[in-house]
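Notes for the structure review
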Amino acid sequence: MGRKIGIMGGTFNPIHIGHLMLAEHAYEEFSLDEVIFLPSARPPHKSQHILSNIDRREMILLAIEDNPHFSFSSLEFERKGTTYTIDTMSELNKRYPMDTFYFIIGADSFFALESWHNPKILFGQTSFLVATRDGHQEEELKKHKDKLEKQYQAKIEFLNFPNIEISSSNIRKRVMEGKFINYYVPKMVEEYIYSHNLYR
């Protein structure tokens, strides 16, 4: 039997506690065998300055080093040009044909899924675990899930996850303003940001 693998995509600019909690929650609730943190190199929907691949990789490795079921992939760093999720999932399915993949996303990304590159094929390559909050947009989420399942035969599961008001953009802003970011990111990530003078 193949493994059940969660995929945490994103820019991770920087990785923070919310990312880690969501990954762990998905791991537990859906009995995953592993969660792979897979940062984007040049995502089509992000225009703000993104740190170098080296800095983001190092921060992710520091953040996940004490968790045996978290791992890191540089797959999108290795690809030239704009990175699309469909290309990443196609490559992962070729490399690990016996495994089942679950792409972990938030509700905002869920409503934008049809704008992702070639969604019809993408829905055939991976299941989606969508992080939701108790009662929040419940009716809209269910309607959108029904629509995607009917139109694309999408495989979608809801992951009930507490709302955590932490974002990478807010962390970057706090660093620029000289505010503390402890409790927002793991201690070693905080030390890396300061020692490398990032986001100044």
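Higher on the page you've got the structure.
Position labels on residues start from 1 in each chain and follow its written sequence. Predicted model: local features are reported for residues with pLDDT of at least 70 only, side-chain atom pairs are reported and counted for 80 or more only, and whole-chain, interface and lining totals are derived from all residues. Side-chain measures were taken over the full set of non-hydrogen atoms in the model, leaving aside hydrogen atoms and water.

**Observations concerning the packing of aromatic side chains**
Note on aromatic contacts: the rings of Phe and Tyr and the six-membered ring of Trp form a pair at centre separations within 6.5 Å, being stacked when their planes are under 30 degrees apart, edge-to-face when over 60 apart, and tilted otherwise. Under the criterion given, the structure shown has 10 aromatic pairs. Judged by centre distance (5.9 Å) and plane angle (55 degrees), the rings of Phe103 and Phe128 are tilted. Of the two residues, Phe103 is situated in strand S4 (residues 100–106) and Phe128 in strand S5 (residues 127–132); the sequence distance between them amounts to 25 residues. The pair Phe103 / Phe128 is uniform in exposure class, with both members buried. Taken together, a centroid distance of 6.0 Å and an interplanar angle of 90 degrees make the contact between Phe110 and Phe158 edge-to-face. In this pair, Phe110 sits in helix H4 (residues 107–111) while Phe158 sits in strand S6 (residues 156–160), placing the two residues 48 residues apart along the sequence. A connected cluster of aromatic rings, assembled from ring pairs, spans Phe103, Trp116, Phe123, Phe128 and Tyr152. Here the basic side chain of Arg3 rests over the ring of Tyr96, its NZ or CZ set 5.8 Å away from the ring centre. Elements are defined by DSSP. Helices are runs of H or I of four residues or more, strands are runs of E of two residues or more, and each kind is numbered from the N terminus. Relative accessibility under 20% of the residue-type maximum defines a buried residue, over 50% an exposed one, and the middle range a partly exposed one, all with a 1.4 Å probe and only protein chains included. Remark: a charge is flagged as sitting over a ring if the NZ atom of Lys or the CZ atom of Arg is within 6 Å of the ring centre and within 35 degrees of the ring normal.

**Regarding the pattern of salt bridges**
A side chain with one charge can pair with a side chain of the opposite charge if their charged atoms come near. Any carboxyl oxygen of Asp or Glu within 4 Å of a side-chain nitrogen of Lys or Arg constitutes a salt bridge here. Tallied over the full model, the rule gives 11 salt bridges. Two residues, Glu58 and Arg57, come together in a salt bridge whose shortest N-O distance is 3.1 Å. The class for Arg57 is partly exposed, based on a relative accessible area of 31%. Lys145 is the salt-bridge partner of Glu149, the closest N and O atoms lying 2.7 Å from each other. One end of the pair is Glu149 and the other is Lys145, both in helix H6 (residues 138–152) and four residues apart, which spans about a single turn. According to the relative accessible area criterion, Glu149 is partly exposed, its value standing at 26%. The structure contains a network of salt bridges with shared partners spanning Arg3, Glu34 and Asp99.

**Points about the nonpolar core**
Definition of nonpolar core: a set of buried residues of the types Ala, Val, Leu, Ile, Met, Phe, Trp, Tyr and Cys, connected through side-chain atoms within 4.5 Å. Core analysis: the largest hydrophobic core is formed by 33 residues, its most contacted members being Met8, Ile15, Val35, Phe37, Met59 and Ile193. Secondary structure elements with two or more residues in this core: helix H1 (17–29), strand S2 (34–39), helix H2 (53–64), S4, S5, helix H7 (168–176) and helix H8 (187–195). For this analysis, residues touch if any pair of their heavy atoms sits within 4.5 Å. Dropping the residues within four chain positions of it, Ile193 is found in contact with Pro14, Met59, Val175, Ile181, Leu198 and Tyr199. Met89, Ile105, Leu113 and Tyr152 belong to the second-largest nonpolar core, a separate cluster that totals 23 residues.

Function-wise, these values are silent; they only describe arrangement.
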